[in-house]
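# Results of the structural survey
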Amino acid sequence: MRFERRKRGRRLPELNMSSLPDLIFTVLFFFMLVTTMRSVPQKVKFQMPQGAELSNHRKQPNTLYLFIGTPIGKMNGNPKDTLMVQAGDQFVSIDNLPARIEKMKCELLPDEQEDLVVMLKIDENVPMEMVTKVKQALRKAGAYKVHYSARKEKTKPGK
């Protein structure tokens with residue numbers, strides 16, 4: 001057997017870069033699909049209460065988020081007087097809440113309107129009286145599926 005020697009003047013072929021743009025766009029699309037953006041700016045400051053028996057809620061297109069707490073940037077005065085309800089991207093009074101929910105329901109598809117879920121994100125210092133008023137306003141609007149948002153209770157190391 002005889003091996004041929006490589007000629008010294010011959011160069012190695014360069015790296016083929018033609019598939020690099022495809023790879024870059026594939027990675028870009030992956031991150032665009034996986035990343036979630038906050039669609040509504042949060043105008044209410046709240047600290048989530050703790051809970052023991054919690055379950056996860058999948059984000060669905062028919063979920064309406066209501067934030068109840070102190071408006072960001074308004075910390076003077078009695079905190080109970082400054083509590084606000086944020087529906088979508090604007091503040092709503094409890095009296096106007098049923099009309100606002102009806103308006104948001106109209107933006108959904110007919111099938112999604114029946115399965116509307118209201119997710120309440122409430123500050124842990126909000127009195128239960130205000131939560132009850134919000135729930136009554138939700139009943140007037142026909143929004144009967146209400147979920148509460150909370151964080152897991154921290155367990156003590158000995159238990």
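Structure: see above.
Here we summarise the structure given alongside this text. (Residues numbered from 1 in each chain as written. Predicted model: local features only at pLDDT ≥ 70, side-chain atom pairs only at ≥ 80, totals over all residues. Heavy atoms only, no water.)

## A few points about the packing of aromatic side chains
Tallying each qualifying case throughout the model produces one aromatic pair. Aromatic pair F30 and F31: ring centres 5.4 Å apart, planes at 70°, arrangement edge-to-face. Given the relative accessible area of 48%, F30 is considered partly exposed. (Phe/Tyr/Trp six-rings, centres within 6.5 Å; stacked < 30°, edge-to-face > 60°. Buried < 20%, exposed > 50% of the residue type's maximum accessible area, 1.4 Å probe, protein only.)

## Describing helix α4 (residues 128-141)
Each turn of an α-helix holds 3.6 residues, which means side chains three or four residues apart point in the same direction. End to end, α4 covers 20 Å across 14 residues, agreeing with the expected 20 Å (1.5 Å per residue, within 8%). Buried within α4 we find M130, V131, V134, A137, L138 and A141. Along the axis of α4, the buried positions cluster into a sector of 120°, meaning they face one direction only. Pointing more than 90 degrees away from the buried face of α4 are the exposed residues M128, E129 and K140. Against β3 (63-71), β4 (84-87), α2 (97-106), β6 (117-122) and β7 (145-148) lie the buried residues of α4. (Helix = DSSP H or I, 4+ residues; strand = E, 2+ residues; numbered from the N terminus. Expected span 1.5 Å × (residues − 1). Arc of directions from axis to C-beta. Contact = heavy atoms within 4.5 Å.)

## Re the pattern of salt bridges
A full pass over the atoms with the stated rule returns one salt bridge. Between E129 and K133 there is a salt bridge whose closest N-O contact spans 3.6 Å. Placement of both E129 and K133 in helix α4 is noted, with a separation of four residues, approximately one turn of the helix. By relative accessible area, E129 is classed as exposed at 55%. (Salt bridge = Lys/Arg side-chain N within 4 Å of Asp/Glu carboxyl O.)

## What to know about the pairing of β3
Counting buried positions over the nine residues of β3 gives eight, a clear majority of the element. Relative to β3, strand β1 (residues 44-45) is paired through two bridges, and the arrangement is antiparallel. By the bridge assignment, V44 is partnered in β3 with P71. Both β3 and β6 contribute to a ladder of six bridges, which runs parallel. Looking across to β6, one finds that L64 is bridged to V118. (Pairing = 2+ DSSP bridges.)

## Here's the deal with the nonpolar core
By size, the foremost hydrophobic cluster in this structure holds 23 residues, and its most contacted members are L66, L97, I101, V134 and L138. When contributions to this core are tallied by element, the ones reaching two or more residues are β3, β4, α2, β6 and α4. Considering every element that reaches this core, the biggest residue donor is α4, with six residues. Setting aside chain neighbours within four positions, we find L97 in contact with L66, V85, A87, V92, V134 and A137. (Core = buried A, V, L, I, M, F, W, Y, C linked by side-chain atoms within 4.5 Å.)

By themselves, these are just geometric observations and shouldn't be taken as functional.
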